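Next come the chains, spelled out residue by residue.
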Amino acid sequence: IAIADNSSEQLKYCEPVSEYANNIMYKRQHGTQAKDLFLTVTKDSKDQSFTWYYIALIKEAYIRPVFKNEEEKREVAKEFADEALKGCLDSFNV
């Protein structure tokens, strides 16, 4: 039961990271400039402990290609969000 509770807490902690990663990649795919995202994350971040991680996600998103097709754009944003979720969850398994 402790493992389930721990996993639930980890997921609760990491879901916002995944959602933010999806948002970052969606904006990347639709032409938002990286500087705009950097300004937003440094100014509006409610949890400053995550700022460095969000900056790393922005950097990673902007080295990835931009797709032309809307379906591909949605898919790459979803995949990026899944990768961020996995990375966050893996960080608990020290």
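Residues numbered from 1 in each chain as written. Predicted model: local features only at pLDDT ≥ 70, side-chain atom pairs only at ≥ 80, totals over all residues. Heavy atoms only, no water.

**Student:** Hey, could you go over the confidence of the model for the protein for me, with residue numbers and the actual values?
**Tutor:** Per-residue confidence for the protein gives a mean pLDDT of 88, with 89% of residues at or over 70. Between the elements of the protein, mean pLDDT differs from a low of 86, seen in helix α1 (residues 2-29), to a high of 96, seen in helix α4 (residues 70-90). (pLDDT = per-residue confidence, 0-100. Helix = DSSP H or I, 4+ residues; strand = E, 2+ residues; numbered from the N terminus.)

**Student:** Requested: an account of helix α3 (residues 51-61), with residues and values cited.
**Tutor:** Those residues of α3 that sit buried are Thr51, Tyr53, Tyr54, Leu57, Ile58 and Ala61. All buried residues of α3 fall inside an arc of 165° around its axis, so they share one side. Exposed and facing more than 90 degrees away from the buried side of α3 are Trp52 and Lys59. (Buried < 20%, exposed > 50% of the residue type's maximum accessible area, 1.4 Å probe, protein only. Arc of directions from axis to C-beta.)

**Student:** Go over the nonpolar core, please, and point to the residues and values.
**Tutor:** Among the nonpolar cores identified, the biggest contains 21 residues, and Val17, Ile24, Tyr54, Leu57 and Ile58 are the most heavily contacted of them. Contributions of two or more residues to this core are made by α1, α2 (34-44), α3 and α4. With 6 residues, α1 is the single largest residue contributor to this core. In this structure Tyr54 touches Pro16, Val17, Tyr20, Ile24 and Val41, once residues within four positions along its chain are discounted. (Core = buried A, V, L, I, M, F, W, Y, C linked by side-chain atoms within 4.5 Å. Contact = heavy atoms within 4.5 Å.)

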